[in-house]
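# Observations on chain architecture
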Amino acid sequence: MAMDLNRRKSTSSYLFTFASRAISWQSKLQKCVYLSTTEAEYIAATEAAKEMLWLKRFVSDLGLSQLTYVIFCDSQSAIDLSKNSMYHSRTKHIDVRYHWLRSTIEDQLLQLTKIHTDKNVADMLTKVVSKEKLELCVKLAGMNTN
């Protein structure tokens, strides 16, 4: 959250794997300054979901299929927000385009699932991590360091 000290913007990142190898990743500053970690994580999940659906179509065009399409998120509150379409005064300012994630999940096009931050591979794209965490992320992403 707000790791860009000059503009106070958060960084969104995702890393997708297929057959235990990284195939798509992105790390970039979010367009706006968001008011909470939940909001920043929710926006990041929405961006990841858009990429996931593109990858899903691409895999299908190749004649391949997969049983489930899962995005892992380390913010339980962002996951809860994605599943609850009721009005909340604390989230009414979130741009409607990001609530697209709710309908995507309701339509069961993908799943948003909790992952412990210790196992979140995308962390290496958003912040400074320890050597041990970096090695774990590289391994989980299927990247060979040799």
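Here, every reference points to the structure presented above.
Calculation criteria
- Residues numbered from 1 in each chain as written.
- Predicted model: local features only at pLDDT ≥ 70, side-chain atom pairs only at ≥ 80, totals over all residues.
- Heavy atoms only, no water.
- Helix = DSSP H or I, 4+ residues; strand = E, 2+ residues; numbered from the N terminus.
- Polar contact = N/O pair within 3.5 Å; in protein donor to acceptor, adjacent residues only side chain to side chain.
- Contact = heavy atoms within 4.5 Å.
- Phe/Tyr/Trp six-rings, centres within 6.5 Å; stacked < 30°, edge-to-face > 60°.
- Buried < 20%, exposed > 50% of the residue type's maximum accessible area, 1.4 Å probe, protein only.
- Axes fitted to C-alpha atoms, helices over the stretch in contact; angles between N-to-C directions.
- Left-handed = near helix turned anticlockwise from the far one by under 90°.
- Nonpolar A, V, L, I, M, F, W, Y, C, P; charged D, E, K, R; others polar.
- Salt bridge = Lys/Arg side-chain N within 4 Å of Asp/Glu carboxyl O.

Let's shift gears to the side chain of Ser13. Looking at the element boundaries, Ser13 is found in strand S1 (residues 11–18). In terms of polar contacts, Ser13 uses its side chain to reach the backbone carbonyl oxygen of Ala122, at 3.2 Å. Ignoring anything within four residues of it in the chain, the contact list for Ser13 reads Gln26, Ser27, Ala122, Leu125 and Thr126.

Moving on, we come to the packing of aromatic side chains. Within the structure shown, the criterion is met by 2 aromatic pairs. Considering the side-chain rings of Tyr14 and Phe16, the 5.3 Å spacing of their centres and the 50 degrees angle between planes classify their relative orientation as tilted. According to the relative accessible area criterion, Tyr14 is buried, its value standing at 10%. The exposure class assigned to Phe16 is buried, which follows from its relative accessible area of 8%. Considering the side-chain rings of Trp54 and Phe58, the 5.4 Å spacing of their centres and the 5 degrees angle between planes classify their relative orientation as stacked.

So, about the packing of helix H1 (residues 37–61) against helix H2 (residues 76–83). At a minimum axis separation of 8 Å, H1 and H2 run at an interaxial angle of 65 degrees. Helix-helix and strand crossings are classified by hand; for H1 and H2 the assignment is right-handed. Here Thr38, Glu41 and Tyr42 of H1 come into contact with H2, specifically with Ser77, Ala78, Leu81 and Ser82. Taken together, the residues that form the contact of H1 with H2 break down as 3 nonpolar, 3 polar and 1 charged.

Attention now moves to the environment of Ala49. Within the fold, Ala49 resides in helix H1. A residue is classified by how much of its surface remains accessible, and Ala49, at 0% relative accessible area, is buried. Separated by 52 residues in the primary sequence, Ala49 and Leu101 have C-alpha atoms spaced 7.1 Å apart. Not counting chain neighbours up to four residues away, the residues in contact with Ala49 comprise Ile71, Trp100, Leu101 and Leu110.

Here the focus is the pattern of salt bridges. As enumerated under the stated definition, the model contains 3 salt bridges in all. Taking the shortest distance from any N to any O, the salt bridge between Glu47 and Lys50 comes out at 3.2 Å. Here Glu47 and its partner Lys50 are both found in helix H1, 3 residues apart, which amounts to about one turn of the helix. Taking relative accessible area as the criterion, Lys50 reaches 42% and is therefore assigned partly exposed.

It is worth stressing that arrangement in space is one thing and function is another; only the former is reported here.
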